[in-house]
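# A structural walkthrough
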Amino acid sequence: MRAIVRRCAIAAPTPSRSIKDFRCGHAEGLCADRSAATSAAMLSRLLRPAIALALPPRCAGCGAITDSDHRFCAECWGSLRFLSPPWCAACHRPLEYDQGPDTRCGPCLARPPVHAGVDAAVAYGPVARTLALRLKYGGRASLAQTAARHMIRHLPDDAHLLVPVPLHRWRIWSRGYNQAGLIAAALSRESGISWDGDLLVRSRRTPVLQNMGGNARRRVVRGAFALAPKHRPRVAGRHIVLVDDVYTSGATTDACVSTLRQAGAERVSVLCWARVIDTGPD
Ligand SMILES: O=P(O)(O)OC[C@H]1O[C@@H](O)[C@H](O)[C@@H]1O
């Protein structure tokens, strides 16, 4: 886990900012004209009190007014389950009690994972779900930063590159953004580690996974991801952190991890906002 959180005042290297990022307000730090940037900063300083009055910071869970941005109210905060050890040595699924550092859970013993660990800030529950839905379907881009601030403590120290789980281009077209890309960009700003949202692509459309069991999910996402040969040098021999909003069965991230490993990535860790913990068998 990340011992020291590095914070950057300016945007981290973003080799692949695309139009969707600009639409979502992620263009800070890109202003070429210095005086324009200064004027914009002054205007923003002047308008801040009025904006704070009209649009006060709100809890990401229930919408109650909070004292600052990216906070939860006391009730929602208290209901979040932050994930930490004891957990399975391979997939970090929480264990009921500490059974030693090398203990693996049943699913990891039955099928050794392709990833180098799965971490999530919180267990999937009502508040975690609300944040994820508002970010994904409600256009609340700033919630990516709220999520990232809680995910960063799980960022591996030796991570080289953050790669979001991609959406198919038609889904980007209809939604206007990739929620995983927004989280990766926010994590990049907070940690200083670069992200690349164009490297991995969803090369074919996949149905919405809701109401599907793990096996069905695996079937529909198998072979759905690709990495162009020209991008291989970016991942070869690297420790990649794959970023997503929600981890349910792991079908989506496993398919992405396999693609990245086939492209030469040395290790691929998974980092999500929320993880569904009690997934039963199919
Ligand atoms: O593949 P699993 O982990 O089952 O489901 C999680 C995926 O399903 C989507 O809604 C999420 O955004 C995430 O990409």
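Residues numbered from 1 in each chain as written. Predicted model: local features only at pLDDT ≥ 70, side-chain atom pairs only at ≥ 80, totals over all residues. Heavy atoms only, no water.

### Overview of the state of the cysteines
To keep it simple, the criterion reads: Cysteine sulfur atoms that pair up within 2.5 Å are treated as a disulfide. Only protein chains enter the accessibility calculation, which uses a 1.4 Å probe; a residue whose area is less than 20% of its type maximum is buried, one above 50% is exposed, and one in between is partly exposed.
Summed over the entire model, instances satisfying the criterion amount to zero disulfides. This cysteine, C73, is not joined by any disulfide, and C76 carries the nearest cysteine sulfur, 3.6 Å off. Looking at C272, it has no disulfide partner, and the nearest cysteine sulfur is the one in C256, 10 Å off. With a relative accessible area of 0%, C272 lands in the buried category.

### Examining the site of the ligand
Heads up, the rule is: Here a residue is considered near a molecule or strand provided that any single heavy atom belonging to it is located within 4 Å of it. Identification of polar contacts relies on pairs of N or O atoms within 3.5 Å, with a donor-acceptor requirement for protein atoms, meaning one able to donate a hydrogen and the other able to accept it, and with residues adjacent in sequence counted only if both atoms are side-chain atoms. Counting from the N terminus, the helices are the DSSP runs of H or I reaching at least four residues and the strands are the DSSP runs of E reaching at least two.
For the ligand, the set of nearby residues contains 13 residues, the closest of which are R217, D244, D245, S249 and T252. At 2.7 Å, a side-chain N or O of D245 approaches an oxygen atom of the ligand. In the model, an oxygen atom of the ligand is placed 2.8 Å from a nitrogen or oxygen of the G250 main chain. Those elements that place two or more of their residues in the shell around the ligand are strand 5 (239-247) and helix 11 (251-262). A per-element tally of the shell around the ligand places strand 5 first, with four residues.

### What to know about the pairing of strand 2 (residues 161-164)
Note the cut-off: Pairing between strands requires that DSSP locate at least two bridges from one strand to the other.
The side-chain alternation of strand 2 yields two buried faces, one formed by L161 and V163 and the other by L162 and P164. Of the strand pairs in this sheet, strand 2 and strand 5 are connected by four bridges, and their pairing is parallel. Considered in strand 5, the bridge of P164 is made with V243.

### Looking at the packing of aromatic side chains
Spelled out, the test is: Two aromatic rings from Phe, Tyr or Trp, using only the six-membered ring of Trp, form a pair when their centres are within 6.5 Å; if the ring planes differ by under 30 degrees the pair is stacked, by over 60 it is edge-to-face, and anything between is tilted.
Evaluated as defined, the whole model comprises two aromatic pairs. Taking the centre distance of 6.3 Å and the plane angle of 35° together, the rings of F72 and W77 count as tilted. The class for W77 is partly exposed, based on a relative accessible area of 42%. An aromatic cluster of three or more residues is present, and its members are F72, W77 and F82.

### Regarding the packing of helix 6 (residues 143-151) against helix 8 (residues 179-191)
Operational definition: Convention adopted: a line fitted to C-alpha atoms gives each axis, helices being fitted over their contacting stretch, and angles between N-to-C directions are expressed from 0 to 180 degrees. Comment on the angle field: the value is read as roughly parallel under 35 degrees, roughly antiparallel over 145, roughly perpendicular from 65 to 115, and oblique elsewhere. Handedness of a helix crossing follows the sense of rotation of the near helix relative to the far helix, less than a right angle counterclockwise being left-handed and clockwise being right-handed. Only heavy atoms enter the contact rule, under which two residues are in contact if any of them lie within 4.5 Å. Note on residue categories: nonpolar means Ala, Val, Leu, Ile, Met, Phe, Trp, Tyr, Cys or Pro, charged means Asp, Glu, Lys or Arg, and polar means any other residue, Gly included.
The N-to-C vectors of helix 6 and helix 8 enclose an angle of 55°; their axes lie 8 Å apart at closest approach. In terms of orientation, helix 6 lies oblique with respect to helix 8. As helix 6 packs across helix 8, the resulting crossing turns out to be right-handed. For the pair helix 6 and helix 8, contact is made by A144, Q145, A148, R149 and M151 and by L182, I183, A186, L187, R189 and E190, respectively. Of the residues that constitute the contact of helix 6 with helix 8, the class distribution is seven nonpolar, one polar and three charged.

### Side note on the pattern of salt bridges
Operational definition: Salt bridges are identified by distance alone: a Lys or Arg side-chain nitrogen within 4 Å of an Asp or Glu carboxyl oxygen.
This structure, assessed with the given rule, holds four salt bridges. Residue R149 is joined to E190 by a salt bridge in which the shortest nitrogen-to-oxygen separation is 3.5 Å. Of the two residues, R149 is situated in helix 6 and E190 in helix 8; the sequence distance between them amounts to 41 residues. Given a relative accessible area of 37%, R149 falls into the partly exposed group. Two residues, D158 and R267, come together in a salt bridge whose shortest N-O distance is 3.7 Å. With D158 in the loop between helix 6 and strand 2 and R267 in strand 6 (residues 267-275), the pair connects residues that are 109 residues apart, well separated along the chain. Accessibility expressed as a relative area gives 41% for D158, which makes it partly exposed.

### Focus: the pairing of strand 6
Selection rule: Seen with its strands pointing away from the viewer, a crossover is right-handed when the path leading from the first strand over the helix to the second is clockwise.
Among the nine residues in strand 6, eight count as buried, and that is most of the element. Relative to strand 6, strand 1 (residues 118-123) is paired through five bridges, and the arrangement is parallel. Within the sheet, the bridge partner assigned to V122 lies in strand 6 and is A274. Pairing of strand 5 with strand 6, which is carried by eight bridges, proceeds in the parallel orientation. From the neighbouring strand, D244 faces strand 6, where its bridge partner is C272. In this fold, strand 5 hands off to helix 11, which returns the chain to strand 6; that crossover is right-handed.

### Topic: the nonpolar core
For soluble globular proteins, nonpolar side chains are generally found buried alongside one another. Put simply, the rule reads: Working definition of a nonpolar core: buried Ala, Val, Leu, Ile, Met, Phe, Trp, Tyr and Cys residues. They are joined through side-chain atoms within 4.5 Å.
The biggest cluster of nonpolar side chains holds 37 residues, and the ones touching the most others in it are F72, M151, L162, L187, V243 and W273. Those elements that place two or more of their residues in this core are strand 1, helix 5 (126-137), helix 6, helix 8, strand 5 and strand 6. Ranked by residue count, the leading element in this core is helix 8, at six residues. F72 has contacts with C59, A60, G61, T66, W77, L80, V127, L131, T146, H150 and W273, leaving out every residue within four places of it along the chain.

### Some thoughts on a nonpolar patch on the surface
The cut-off we apply is this: Each patch is built from salt-bridge-free residues with over 30% relative accessible area, joining like charges within 9 Å and nonpolar side chains (Val, Leu, Ile, Met, Phe, Trp, Tyr) within 5 Å. Here, Shrake-Rupley sampling with a 1.4 Å probe gives the accessible areas, and only protein chains in the shown set may cover a residue.
Together, L43, L46, L47, I51 and L55 line one region of the surface with nonpolar side chains, adding up to about 530 Å² of accessible area. Checked against the element boundaries, L43 lands in helix 2 (residues 34-54). The exposure class of L43 is exposed, given its relative accessible area of 51%.

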